[in-house]
2 protein chains.
Amino acid sequence: MTVPGHLQRPGTTKVLDRPGDGRVVRRTVLPGGLRVISEQAPGTRSASVGLWVGVGSRDERPNLAGAAHYLEHVLFKGTRTRSATRIAEEIDAVGGELNAFTSKEHTCYYAHVVDSDLALAVDLVCDVVFDAVIAESDVDTERRVILEEIAMRDDDPEDLLHEAFIGALLGSHVLGRSVLGTSDSIREMRASSLRGFHRRRYALSHMVLAVAGNITHAEVLRLVRRRLTDRLTGAATPAAPRQGRANPRGRDGLVLRTDDSEQAHLMLGVPALTRHDDRRFALGVLNAALGGGVSSRLFQEIRERRGLAYQVYSSLASYSDTGHLSVYAGTQPDQLGQVATVVREVLDDVAVGGLTEAELLRAKGQLRGALLLGSEDTSARMSRIGKSELNYADYLSLEQTQARFDAVTGEDVALLAKELLAGTRSLSAAVVGPYEHRDELPQEVREVTA
Amino acid sequence: MTVPGHLQRPGTTKVLDRPGDGRVVRRTVLPGGLRVISEQAPGTRSASVGLWVGVGSRDERPNLAGAAHYLEHVLFKGTRTRSATRIAEEIDAVGGELNAFTSKEHTCYYAHVVDSDLALAVDLVCDVVFDAVIAESDVDTERRVILEEIAMRDDDPEDLLHEAFIGALLGSHVLGRSVLGTSDSIREMRASSLRGFHRRRYALSHMVLAVAGNITHAEVLRLVRRRLTDRLTGAATPAAPRQGRANPRGRDGLVLRTDDSEQAHLMLGVPALTRHDDRRFALGVLNAALGGGVSSRLFQEIRERRGLAYQVYSSLASYSDTGHLSVYAGTQPDQLGQVATVVREVLDDVAVGGLTEAELLRAKGQLRGALLLGSEDTSARMSRIGKSELNYADYLSLEQTQARFDAVTGEDVALLAKELLAGTRSLSAAVVGPYEHRDELPQEVREVTA
């Protein structure tokens, strides 16, 4: 293993991977603690640039709920040298995409452009992140846009369900809150609070600039140094990856959001592993076999054999100090109890008996193929290297990741399934559907969460 | 131009493009009229295989509404040599994706796999399309899945809005119907009807097998010939592209779907061009400037200046004999009238004054970049060549497409904008939102559709 990003000496560059197919992954630590990581991928014709900031909604004080995401919006409303319209015009003129997203532990500003427009992409991303004006009037206009975004989320049963589920699992813990904030917190947000959040949180030492595509590392460095010249000073070194202390809990067990919908939307799940847990590769295998593919137990039992859902899957989320495994299904309200029972049975089965040899093999094959197919475009490669650097201060190649999955044994998965899914542990659940009170929910749903 | 696909002699192969970067696009017409078109794209590590069938929901008789899509589902439920579970297991084992979609004029069965799994991909796609069993019991199980799919669509305001809008624009015309059918038509669908639809409609002469990725045309042909050996006989030649006779109309003007949603979801639009209309490149430029990007007039006026929506865009659809341009926005119900007015004003402005020189240039740049960035992965390339062959019996390279956009003049766009968008023409509209009757809709919405 190469030296972790936060221990690499400022001013130096390391080659992290050179698999022999022309690709090279390099990391440079610049003065001030900014890390630049790039994947040169000859044969592609585009470039993806992402500035990852190790700040998200969990870093907000309660009265500033939604600030990280609000700030992300406002930074596009104008910089010292560009109006919002000019920013939009410049990226549209080259047919590129310039956007951002905020999660609970990260914020990422990114641009995806034709390779010859790399300089513009680096300039625009740096401009919004470092030189935004955050004007009072723009904060007010954007307030309305964010209130629309919240209303839109509330109109999408699956999005609403995700929010309700994480509330059910984590209760009042800061991770249980929505990244969007609440209508109330958004209405009360002040420009000065956003400026303060930006000033305090957007430090170079908490940032990773990730670039992938038909680029060279030298060119990326030249562009970054030119653009950020005044800022690349000081003795700060990169921050270590965010580490949690414990598995936070604060569960409500069962959350209902009444909605006049055709389907009842159900999410069931359990706390799982942090992103630093070495068993996460075994968990990936377990999830693939459980509900990750069309041959998975949940898909086969619920959709193929019983026709109870159009969409049914399991998925994983991980944070620095916790994580969860969840199952989603949308079904007719009169079938909701049956679906909950089948999910519980499928989880019990795997908790008791683990996976078959064939399932284990198939899950590994599935992860291997998905890994390769999921890294075809430069945006996916950029995300992979940026997120990995911020989360682990490390790079794991496709081959290394695959080797970690391949090394998982049936015993590893069985132990984990037993620990996480055993029938004695109740499930957390959220339902979005046409029920006024929790009492109206089918008995089976209330039982699996009891 | 090379000879069109339906006029190419069976048994022959033509090179359609060889841009000099290693890529080659070739077309072979096989006995029986099946066309095989491939794009060899060295440097990629995957293969995408799509069997495009020139059949969609507009080919259904009214009592079979939803049959094309229902059939697409049922074909995956088992073939002469594979159960549904085995199909799912085989594709999961290599981490690939095997799926299909149905539209109004096409059905496409596709697989996306690592390049070394090309043979499996061709085999699976051919197996479901040609050798499915269509068993009574599977039709019954899948009936429930499709009813769930319809319910899910009804719970998504934006999906529901699209359906309502095309109903508003085309009324009772077959194109105005949902691809999914109705709950009633699905409940009554018989296995024998699906078998009949399959037998009558799935002829080799109406199919294009498109493959893109790290493959050779020779290898694709070898696999197809081996898999379909008995079927590749007879004197049938490829069908000519679907041609329409007129611009069908049957408009209702304004359709409301009552929904207890937070936002009011609005779609406004006009009939536009068929896919065979040469002015479609000018229309693409117009759409880009109107609502295709973040610097577009609609995005700037509605989101950036007024904060009236989180999502607002215009988009195009085209069929063999009609097409439309539509505008979407989601907003608070009390702002719906204002949004409708601003949309109408923006359309009026461009109908009267066309685009500025800067907008014209920017729209072309946007389309150029999007064209390149949108063809990075092998799935996108496969879709491009397959759809183009079915729609036009022709291949247009990225460079040729770009040249067509570049040749568009401000005058072309101005004439088209005047013809399609002039204020004297009323708009068709759909609203999904918390209104019981059309009378409750804001006056402005009723006015723009009057």
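Each value, and the rule that gives it
- Residues numbered from 1 in each chain as written.
- Chains lettered and ligands numbered in written order.
- Predicted model: local features only at pLDDT ≥ 70, side-chain atom pairs only at ≥ 80, totals over all residues.
- Heavy atoms only, no water.
- Contact = heavy atoms within 4.5 Å.
- Buried area = accessible area lost by both parts, 1.4 Å probe.
- Salt bridge = Lys/Arg side-chain N within 4 Å of Asp/Glu carboxyl O.
- Polar contact = N/O pair within 3.5 Å; in protein donor to acceptor, adjacent residues only side chain to side chain.
- Helix = DSSP H or I, 4+ residues; strand = E, 2+ residues; numbered from the N terminus.
- Least-squares fit on C-alpha atoms with pLDDT ≥ 70 in both.
- Domains from an automatic or database assignment.
- Pairing = 2+ DSSP bridges.
- Axes fitted to C-alpha atoms, helices over the stretch in contact; angles between N-to-C directions.
- Buried < 20%, exposed > 50% of the residue type's maximum accessible area, 1.4 Å probe, protein only.
- Patch = residues over 30% accessible without salt bridge, like charges linked within 9 Å, V, L, I, M, F, W, Y side chains within 5 Å.
- Areas by Shrake-Rupley, 256 points an atom, 1.4 Å probe, with all protein chains shown as cover.
- Lys, Arg positive; Asp, Glu negative; His and termini not counted.
- Charge placed at Lys NZ, Arg CZ, Asp CG, Glu CD.
- Phe/Tyr/Trp six-rings, centres within 6.5 Å; stacked < 30°, edge-to-face > 60°.
- Parallel < 35°, antiparallel > 145°, perpendicular 65-115°, else oblique.
- Left-handed = near helix turned anticlockwise from the far one by under 90°.
- Nonpolar A, V, L, I, M, F, W, Y, C, P; charged D, E, K, R; others polar.

Details of the interface of chain A and chain B
Between chain A and chain B, the residue contacts involve 66 residues of the former and 66 residues of the latter. Taking both sides of the interface into account, the surface hidden between chain A and chain B amounts to around 5,300 Å²; carbon and sulfur atoms contribute 52%. Considering only the side of chain A, the residues that lose the most area to chain B are Glu148, Asp155 and Tyr310 of chain A, jointly responsible for 13% of the buried surface there. Taken together, the connections running from chain A to chain B amount to 6 salt bridges. Summed over the shared surface of chain A and chain B, the number is 34 residue pairs in polar contact (both at pLDDT 80 or more). Of all elements in the fold, only α2 (84–93), β6 (107–114), α4 (136–155), α10 (297–305), β11 (323–331) and α12 (357–373) of chain A reach the threshold of two or more residues within the side of chain A that touches chain B.

Some points on the relation of the copies chain A and chain B
Note on the identical chains: chain A maps onto chain B by a rotation of 180° and an axial translation of 0.0 Å, with an RMSD of 0.0 Å. These values place the two chain copies in the arrangement generated by a two-fold rotation axis. Most of the interface of chain A is mirrored in chain B: 100% of its interface residues are interface residues there too.

Thoughts on the domain arrangement of chain A
Residue and element names in this part refer to chain A. Along its sequence, chain A is carved into domain 1 (5–227) and domain 2 (254–448). Its C-alpha centre places domain 1 at a distance of 28 Å from the equivalent point of domain 2. Every contact between the two is made by 45 residues of domain 1 and, on the other side, 41 residues of domain 2. Between domain 1 and domain 2, a total of about 3,500 Å² is buried, with carbon and sulfur atoms accounting for 68% of that surface.

Description of the sheet that holds β6 of chain A
Residues and elements named next belong to chain A. The mixed open sheet is built from 7 strands, whose spatial order is β1-β2-β3-β7-β4-β6-β5. The open sheet has two edge strands, β1 (13–17) and β5 (97–102), and neither has a second partner. On average, each strand axis in the sheet is tilted by 15° relative to the strand beside it, whichever way the strands run. Pairing of strand β3 (residues 35–40) with strand β7 (residues 207–213), which is carried by 6 bridges, proceeds in the parallel orientation. Each bridged residue has a counterpart across the sheet, and for Ile37 the counterpart in β7 is Ala210. Running at roughly 160° to β6, helix α3 (residues 118–131) makes contact with β4 (46–53), β5, β6 and β7 of the sheet.

Overview of the pattern of salt bridges
Residue and element names in this part refer to chain A. Inspection of every chain in the model, using the stated rule, returns 74 salt bridges over all chains. Arg58 is the partner of Glu105 in a salt bridge, and the nearest nitrogen-oxygen pair spans 2.6 Å. In this pair, Glu105 sits in the loop between β5 and β6 while Arg58 sits in the loop between β4 and α1 (67–74), placing the two residues 47 residues apart along the sequence. Judged by relative accessible area, Arg58 falls into the buried class, the value being 16%. Arg279 is the salt-bridge partner of Glu419, the closest N and O atoms lying 2.9 Å from each other. Of the two residues, Glu419 is situated in helix α15 (residues 410–421) and Arg279 in the loop between β9 (264–271) and α9 (280–292); the sequence distance between them amounts to 140 residues. Ionic contacts of the salt-bridge type, sharing partners, join the residues Arg80, Arg82, Arg86, Glu90, Asp123, Asp127, Asp131, Arg227 and Arg231 into one network.

Topic: the pairing of β11 of chain A
Residues and elements named next belong to chain A. Most of β11 is tucked away: 9 of the 9 residues are buried. Side chains of β11 alternate between two faces, with Gly323, Leu325, Val327, Ala329 and Thr331 and His324, Ser326, Tyr328 and Gly330 buried alike. By the bridge criterion, 8 bridges tie β9 to β11 in an arrangement that is antiparallel. By the bridge assignment for β11, His265 is matched with Gly330. Where strand β10 (residues 312–318) lies against β11, 7 bridges are found, and the strand directions are antiparallel. Bridge pairing links Leu316 to Leu325 in β11. A loop of 4 residues connects β10 with β11, the two strands running antiparallel in sequence.

Overview of a negative patch on the surface
Taken together, the side chains of Asp260 and Glu262 of chain A together with Asp260 and Glu262 of chain B present a region of like negative charge at the surface. Turning to its location among the elements, Asp260 of chain B is positioned in the loop between β8 (254–258) and β9 (264–271).

Concerning the sheet that holds strand β4 (residues 46–53) of chain B
Strand pairing in a sheet relies on backbone hydrogen bonds, with the paired strands running either antiparallel or parallel. All names here are of chain B. Judged by pairing direction, the sheet is mixed, and its 7 strands sit side by side in the order β1-β2-β3-β7-β4-β6-β5 without closing on themselves. The strands lining the two open edges of the sheet, one partner per strand, are β1 (13–17) and β5 (97–102). Sheet twist, expressed as the average angle between the axes of neighbouring strands with direction ignored, equals 15°.

Observations concerning the packing of aromatic side chains
In the structure shown here, the tally under the stated rule is 12 aromatic pairs over all chains. Taking the centre distance of 6.2 Å and the plane angle of 65° together, the rings of Tyr109 of chain A and Tyr202 of chain A count as edge-to-face. Of this pair, Tyr109 of chain A sits in strand β6 while Tyr202 of chain A sits in the loop between α7 (191–201) and β7, and the two are 93 residues apart along the sequence. Each member of the pair, Tyr109 of chain A as well as Tyr202 of chain A, is classed as buried. With 5.7 Å between their ring centres and 80° between their planes, Trp52 of chain B and Phe101 of chain B make a pair best called edge-to-face.

Describing the packing of helix α2 (residues 84–93) of chain B against helix α3 (residues 118–131) of chain B
Residue and element names in this part refer to chain B. Direction vectors running N to C along α2 and α3 enclose 160°, while the axes themselves pass 11 Å from each other. The angle between the axes of α2 and α3 places the two elements in the roughly antiparallel class. For the element pair α2 and α3, the recorded crossing hand is left-handed. Residues Ile87, Glu90 and Ile91 of α2 lie in contact with α3, whose contacting residues are Leu120, Leu124 and Val128. Class assignment for the residues of the contact of α2 with α3 results in 5 nonpolar, no polar and 1 charged.

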